[in-house]
Amino acid sequence: QLARIQTDSVVETLQELYPDLHFEIVAMSTTGDKILDTALSKIGEKSLFTKELENALERNEVDLVVHSLKDLPTSLPPGFTIGAVCKRENPLDAVVFHPKNCGKTLSLLPEKSVIGTSSLRRAAQLKKKFPQLEFRDIRGNLNTRLKKLDEKEDFGAIILAAAGLKRMGWENRIGQLLSPEDCLYAVGQGALAVEVRAKDQEILNMVSALHDADTVLCCIAERAFMKRLEGGCSVPVAVNTVLKDGQLYLTGAVYSLDGSDSLRETMQTSVNYPQQNEDGPNDDVQHVGITAKNVPRPAQEAAESLGVELANLLLSKGAKHILSVARQLNDTR
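In this text the structure is predicted, and so the values were computed from the model without any measurement. (Residues numbered from 1 in each chain as written. Predicted model: local features only at pLDDT ≥ 70, side-chain atom pairs only at ≥ 80, totals over all residues. Heavy atoms only, no water.)

Taken domain by domain, the protein chain comprises domain 1 (1–90 + 187–332) and domain 2 (93–177). Counting residues at the interface gives 33 residues for domain 1, matched by 22 residues for domain 2. Both sides of the domain 1 and domain 2 interface together cover about 2,100 Å² of buried area, and 56% of this is carbon and sulfur. Applying the counting criterion to the domain 1 and domain 2 interface returns one salt bridge. Salt-bridge contacts for E89 lead to K166; the nearest nitrogen and oxygen are separated by 3.1 Å. The interface formed by domain 1 and domain 2 holds seven residue pairs in polar contact (both at pLDDT 80 or more) in total. For the side of domain 1 that touches domain 2, the residue count by class is 17 nonpolar, 13 polar and three charged. (Domains from an automatic or database assignment. Contact = heavy atoms within 4.5 Å. Buried area = accessible area lost by both parts, 1.4 Å probe. Salt bridge = Lys/Arg side-chain N within 4 Å of Asp/Glu carboxyl O. Polar contact = N/O pair within 3.5 Å; in protein donor to acceptor, adjacent residues only side chain to side chain. Nonpolar A, V, L, I, M, F, W, Y, C, P; charged D, E, K, R; others polar.)

Within the open sheet, the three strands sit side by side as β1-β8-β2. Their pairing is antiparallel. Edge positions in the sheet fall to β1 (64–68) and β2 (80–85), since each has one partner strand and no second. Between one strand and the next, the sheet's axes are offset by a mean angle of 35°, whatever the strand orientation. Bridge analysis of β2 against strand β8 (residues 192–197) gives five bridges, and the strand direction is antiparallel. Across the sheet, the residue bridging to V85 is A193, located in β8. Across the face of the sheet, helix α1 (residues 2–17) comes into contact with β1 and β8 while running at roughly 130° to β1. (Pairing = 2+ DSSP bridges. Helix = DSSP H or I, 4+ residues; strand = E, 2+ residues; numbered from the N terminus. Axes fitted to C-alpha atoms, helices over the stretch in contact; angles between N-to-C directions.)

The subject of this paragraph is the packing of helix α9 (residues 213–229) against helix α10 (residues 297–316). Remark: α9 packs on α10, axes separated minimally by 7 Å, with the N-to-C direction vectors making an angle of 35°. When you trace α9 past α10, the crossing you get is right-handed. Facing L217, I220, A221, A224, F225, R228 and L229 of α9, the residues of α10 in contact are A299, Q300, A303, E304, L306, G307, V308, L310, A311, N312, L314 and L315. Its residues assigned to classes, the contact of α9 with α10 shows 14 nonpolar, three polar and two charged. (Left-handed = near helix turned anticlockwise from the far one by under 90°.)

What follows is about the environment of Q275. Within the secondary structure, Q275 is located in the loop between β11 (262–270) and α10. By relative accessible area, Q275 is classed as partly exposed at 39%. Every residue in contact with Q275, bar those within four places of it in the chain, is listed here: K293, N294, V295 and P296. (Buried < 20%, exposed > 50% of the residue type's maximum accessible area, 1.4 Å probe, protein only.)

This brings us to the sheet that holds strand β10 (residues 247–255). A sheet is described by the order of its strands in space; here three strands give the open sequence β9-β10-β11, paired in antiparallel fashion. At either margin of the open sheet sits one strand with a lone partner, and together these are β9 (237–244) and β11. Recorded for the sheet is a direction-independent mean angle of 15° between the axes of neighbouring strands. Of the pairings in the sheet, the one linking β9 to β10 comprises eight bridges and is antiparallel in character. Within the sheet, the bridge partner assigned to K244 lies in β10 and is Q247. Sitting on the sheet, α9 touches β9 and β10, and the angle it makes with β9 is about 150°. Here helix α11 (residues 319–332) sits on the sheet and contacts β9, β10 and β11; the angle it forms with β10, its principal contact strand, is near 50°.

Here it is as structure tokens:
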């Protein structure tokens, strides 16, 4: 349902921009939608929510695919690109409480309350902050997870992305928004991406109207950070980006699975560049999988460098060790 709402919203905008075009929506399910009894971090498939969709794109059965950007790997298969990154919804994580805990916050829950989350990143950060709580895997789409929470007594609360709840119209279920101090969010969280064939200029030009420049720059920095760390579902990597007065601030962190070991740093760079008209073969330069012709290229390069430099700083302080231990532990769990 969420995927459908997200796709509908993109198509609606495109229809307003191009009233003469006809858009047809094709629904598909992916490996990630089908395997619901295994933690995401255990399936070990990088393109969990994207592979089947990309196959259809490759076979020209569809022309564009709408994803949650955080589901897209930092390296896309050859021949594909992210042709649009839409304006980001609130990227923070949200706590949805069991009806019996209505009005509480995580710190007010009874000791040993069980919190559901399928994300190693959320669990690692919150275990450290709330050692009195227990964290357990919960999978399924939003509807399924909320049902599990409400109808059973297994969970005192579950953690979800605020963006998904807002898009579903369930904002009233958000009992607590987790600030970046409590919980840094996932790379790309809250942003929608439109994936297209890299060589399909017509489609690329069409969807590029959907780009939100600020979101593009924030997400390039985040994705470059993740890519340099070789992070993914199976390790806890988290970020927070702020773009203010032409300055891009990126906070990035890595965690051990139990949160006891962590590294966190913030860096900034200027992304204040005018847009230049650059025609020619360099038009289609990708930055961590994103093609954004209408965002100044020097700004994109600065954002990508920021992500790489921040990752290098963490690596120089021992991030590789923390992540490889987390990976091994996750593999043996």
